[in-house]
Structure formats: structure tokens, C-alpha cells
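Here is what each chain is made of, one letter per residue.
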Amino acid sequence: MKNLNIVSISSEITPYSKTGGLADVSGGLPRALNRLSHKVICITPLYDKIIDRKKYGLKLYKQKVGIKVDEKNSAYVNFWVADLTKGVKVYFVENEKFFSRKKDLYGSAHENARFLLFDIAALKLLTLLKFPADVVQCHDWHTGLIPYFINRDFKDSSILSKVATVFTIHNLIFQLGHGWWEIPPEKRDDGKTKLPLFNDPKLETVNFAKRAILNADVISTVSETYVQEISRKEKGQGLHILLNNRKDRLYGIINGIDHDDYNPATDPGLKRNYSFNNTGAKETNKLFIQKKYKLTHDKRIPLIVMSSRITHQKGFELILKALDKLLHFNIEMIIMGDGDKNYISQIKKLAKKYPKKLAYSQFDQKYETSLYAGGDIFLLPSTSEPCGINQMKALRYGCIPAVRSIGGLKDTITNYDFNNRYGNGFTFKTYSSFSLYGAIVRALEYYKDEKTWQRLVTRGMQISFSWNLPASLYIRLFKKAIKVYEGRKNGDEK
């Protein structure tokens, strides 16, 4: 089959806007697809308080484009464009009311209205560009109405009537602009009825993810284990039955990381560069971050690091239960991240109690890789983790993960087996502070054996988590979506 024309649509994309792994994927995957000689364009909102137009070379493409939202409401948007990399353009949707007034990407009381407008504007842009797309990849709930609109409102479009759709679930917990569980059962969206008008409060109960699952040609998520998890009631977030009904088109592909962006041999943010052939410079980086975060300056003390959103999902309930006991060991710990104010308050209290052992910092992209470069153990005991990429980054820098064996963490981190010299980290299954404590203690015991630990570090740094393989798998997935679309158009699907 010919090289594909692909559209990637997401609510955030690195380096322009980011709150988490979604931005890394929507920035990294298109570049990898481009390297495989496929034509890719990206579409994302223009967050005017966050994205520096001059820094990233944004240029105005179209101004005051009228968008018909429904039969009674319309709006105007501007379209801007920049180069993500050579051969990959990013188009930005600008609307002052919905995307230019806040410094935060999310959190509006009208979140559904914001991304309804964005989805319609993205489709309008494709018709203006006359981009002959073969497939549109819609990332997470924010883009969930795009498959719905393509199926219902663009059947006669010369551009959009011939496109297959892929809906990629990054985290099923998020299905619309508000907690899906907060909506009373009797008011929850069935995914099939006509959308409320743009100014109708009922719009905020529309389930974007459900409508995407019902209408996309193929559904994907970001690890094979997560596919199994969301197909069961426990992790299915109320959509497990629907997903099981569409299991013939549900796939899992592990995310990747850009090995050029995360390379300890060339990373300009490190105190000293190094590679798996020469890991001695990790000590220099360790001493640097110990000093920066005012911990005891001693390369022999095992240093545990975290770079994560500080939320219940990331396991901070367990961490706080275990932390007071763990800090009685001869260890140090640095926690970097933003999130739940209550958790952060408790972490800060413990940091005051153990000022030479525990440090907290807001997320600082400038020093994120310095944590991995200086850290010995990376901690992530998530309640759920669709994929996770921080454990991949950590291994790339020789920082050994201690994680809960769930979702993508299970697919990427294998518990170390000393007898068989197998494994790349330390894992636990049961969601309890005791199990977490046990995994960390095991890691600390092996840390005492310099030869064993060095073997773990060297092996971990050589594991490839690049986008090359995932990108190839996505091309296969896109071709499956095209076949499903063709079958649907030919009446082969009920």
C-alpha cells in the first residue's frame, strides 16, 4: 500500500503545550511516522497564554474563519501554522474566548463546549487545506466527537467522506470535560442521541469518549495490558461492555520516547554526559542534584526519584503511607511534580521533618532528566497506568524503576530475577503500602551489590524504547482502519 496521509489531532503537543504523556506521544509519534516516509499533519489548540508564537515561529494561515457549531450557533477562529520538524506541520486553532484567556490548558466550567468547537474547527481546517487524508488519529476524549461528526455530518464531503478514523485512548478515566462519575446515571450520555445546542448546559454531560468508541473505525490504547484492563469492569470506567462489543477493533500499542531527546550522551541539561559504556559520570550528576536540592552530599546513599503528576492515580496515597518508615533507612528522595495540593502539603511537611533526606520541587522540565541521571531508583506505584513513559526515560538514564505491575508498567518493566540474571526493575502487584515497601527494600538490597547494580544499570540503558517500532505498528493499525472503513462503505458491516 502507498505511503499514508495521516492527520494527528490532540489537545496538547510537545514542545508547544504539555501537561503529561499525551503531549509527548502527540509530538513524538508524528515525527516517527514522518521518518517512515508518511505524510503527517497535526492539529491542536492555540493556548495563547502558554504558546510563544515568536519562539516557535507560528505564522497566520487563515483569519476569521466562520465555524457553524449547530443550527443556531456559530463562532470565528483563526488558524496558525508552524513546523514540528522538517516535513511535519502543526496547525493551531485560535479562539480568544475558549483558548486564550487562561494559563492552564484545562479546568474550564465549559470544557465540553471548548473542545466541541475545537473538533468542528479541526474538521473545517481539513476541508480548507484539502488535505487528502487516509486516516485521522484522534487522541483522547478531547477529540472524541471527530469520528462522530465524520460519520454523520461529512458523508458528502469530498475531503472527509473518504477518511478512516482511529480513536486512541490515553487514559479512560477521562471521558469528557468533567468527571464522568459525577454525572447522575439518569443524565449520562447514551452516545447516540443528537447533541445539545452549543449554549445548552446539557452539552457538558456529553461523553466524547463514548461517542468516539461507537463511531471510530479502530480503537487503540497505549499498552496491551491496558486493553485487557479496560475490557473488565474493575478498570473499564463504565465503558467495558461497550469496549467488549467492539473488541474486534480494539488494539494496544506501547508508547515510545524519542532517543534523541532523551540521550544521556548528548543531553545538554546534564552536569556531565555519559553512556552505557561509561556510567561513571552518573556520580557527578548525583552529587549535582543532591547539592541542588540540599540533600546530604554523598554518592553512596541510594537516591530515589520521582517525576510525576502528584495524584491518587500515581500512587501517592501509598507513598505517603510508606514514606515516614522508608526515610528511617539511609536513603534520599526527590519528588518533582504538580497536582493534588493535599498530597503536596503532606510531602512538604515530611521534607521539613527530614530536610537532608527528602526534597520536593514543582515540575521543572529543565531538571527532569537531571533527576534520572542522578537518581538510582525511579518510583511509580500507580493505581492505574495506561502506558507511562517516565519509566522508559528513567531506564534510558540508568535509573532503575520500582513500579506497580499494571498497564504499561507491566509491559515495560520486568521484576529482577538474580538467579537468571533477568529483569530491568523491581515490581509489585498488590496495591498496598506493604507491597510498595517490599519492592523498595528489594531494590535497596541489590543496590548494596555494586556489580549486580551496575549490570542492571548497563542493561537498562541499552533497552530500546524508541518510536521506531510503535510507529511501524501504528501504520499497520491505520491500514486496518482503512480496511474497516472500506468495508463499512461497501456495506460489509452491519
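Refer to the structure printed above.
Only a predicted model underlies this, so the values are computations on that prediction, with no experimental measurement involved.

Chemist: Break down the packing of helix α9 (residues 282–292) against helix α12 (residues 365–374) for me, with residues and values.
Modeler: One way to put it is that α9 packs onto α12 with a least axis distance of 8 Å and a crossing angle of 120°. The angle between α9 and α12 places the two elements in the oblique class. Here the hand of the crossing between α9 and α12 comes out left-handed. Taking contact as the criterion, the partners of Lys282, Asn285, Lys286, Phe288, Ile289 and Lys292 in α9 are, on α12, Tyr367, Ser370, Leu371, Tyr372, Ala373 and Gly374. Here the residues of the contact of α9 with α12 are counted per class, giving six nonpolar, three polar and three charged.

Chemist: Tell me about unusual backbone geometry, and please be specific about residues and values.
Modeler: If a residue is not glycine, its phi is most likely negative; likewise, a peptide bond is most likely trans. Here the amide bond leading from Thr14 into Pro15 is cis, since omega sits at 10°, within 30 degrees of zero. As for its position among the elements, Pro15 is in the loop between β1 (5–9) and α1 (21–35). Its identity is not glycine, yet Ser37 carries a phi of approximately 75°, on the positive side. If you trace the backbone, Ser37 turns up in the loop between α1 and β2 (39–45). Positive phi is not limited to glycine here, since Lys64 has a value of about 50°. If you trace the backbone, Lys64 turns up in strand β3 (residues 59–68).

Chemist: Break down the environment of Ser157 for me, citing the residues and quoting the values.
Modeler: Take Ser157: it is sitting in the loop between α5 (145–153) and β7 (164–169). A sequence separation of 30 residues divides Ser157 from Thr127, and the C-alpha atoms of the two residues are 8.3 Å apart. A distance of 3.0 Å separates a polar side-chain atom of Ser157 from the backbone nitrogen of Leu160.

Chemist: Would you mind going over the layout of surface pockets in detail, with residue names and values included?
Modeler: When its volume is computed, the second largest pocket comes out at roughly 510 Å³. Considering the residues around the second largest pocket, the lining is formed by 18 residues, among which Glu283, Lys299, Tyr447, Glu450 and Trp453 are closest to the centre. Ranked by residues supplied to the lining of the second largest pocket, first place goes to helix α16 (residues 450–462) with four residues. Taken together, the residues that form the lining of the second largest pocket break down as four nonpolar, six polar and eight charged.

Chemist: Can you explain the pattern of salt bridges? Please cite residues and give values.
Modeler: Pairing between side chains of opposite charge can happen when the charged atoms of each approach one another. All chains considered together, the criterion is met by 20 salt bridges. A salt bridge links Arg53 to Asp48, with the nearest nitrogen and oxygen atoms 2.7 Å apart. Asp48 gets classed as partly exposed once you look at its relative accessible area, which sits at 31%. Of the charged contacts in the structure, one is a salt bridge between Glu317 and Lys321, with a shortest N-O distance of 3.7 Å. With a gap of four residues between them, Glu317 and Lys321 both fall in helix α10 (residues 316–326), about one helical turn apart. Relative accessible area serves as the criterion here: at 51%, Lys321 is assigned to the exposed category.

Chemist: Describe the sheet that holds strand β9 (residues 250–252), and please don't skip the residues or the numbers.
Modeler: Strand order in the open sheet made by the nine strands is β3-β4-β5-β2-β1-β6-β7-β8-β9, with mixed pairing throughout. Each having just a single partner strand, β3 and β9 make up the two edges of the open sheet. Here the average twist between neighbouring strands, direction ignored, is 25°. Direction of pairing for strand β6 (residues 135–139) relative to β7: parallel, over a ladder of five bridges. Among the inter-strand pairings, Cys138 is bridged to a residue of β7, identified as Phe167. Against the sheet, helix α4 (residues 111–129) engages β1, β2, β3, β4 (74–85), β5 (88–94) and β6, with an angle of about 115° to β3. Packing of α5 onto the sheet brings it into contact with β1, β6 and β7, and relative to β6 it is tilted by some 145°.

Scoring rules and cut-offs
- Residues numbered from 1 in each chain as written.
- Predicted model: local features only at pLDDT ≥ 70, side-chain atom pairs only at ≥ 80, totals over all residues.
- Heavy atoms only, no water.
- Axes fitted to C-alpha atoms, helices over the stretch in contact; angles between N-to-C directions.
- Helix = DSSP H or I, 4+ residues; strand = E, 2+ residues; numbered from the N terminus.
- Parallel < 35°, antiparallel > 145°, perpendicular 65-115°, else oblique.
- Left-handed = near helix turned anticlockwise from the far one by under 90°.
- Contact = heavy atoms within 4.5 Å.
- Nonpolar A, V, L, I, M, F, W, Y, C, P; charged D, E, K, R; others polar.
- Polar contact = N/O pair within 3.5 Å; in protein donor to acceptor, adjacent residues only side chain to side chain.
- 1 Å grid on protein atoms, 1.4 Å probe; cavity = no way out; pocket = protein on both sides within 12 Å on 5 of 7 lines; lining within 4 Å.
- Points joined across faces, edges and corners; volume = space filled by probe spheres on them.
- Salt bridge = Lys/Arg side-chain N within 4 Å of Asp/Glu carboxyl O.
- Buried < 20%, exposed > 50% of the residue type's maximum accessible area, 1.4 Å probe, protein only.
- Pairing = 2+ DSSP bridges.

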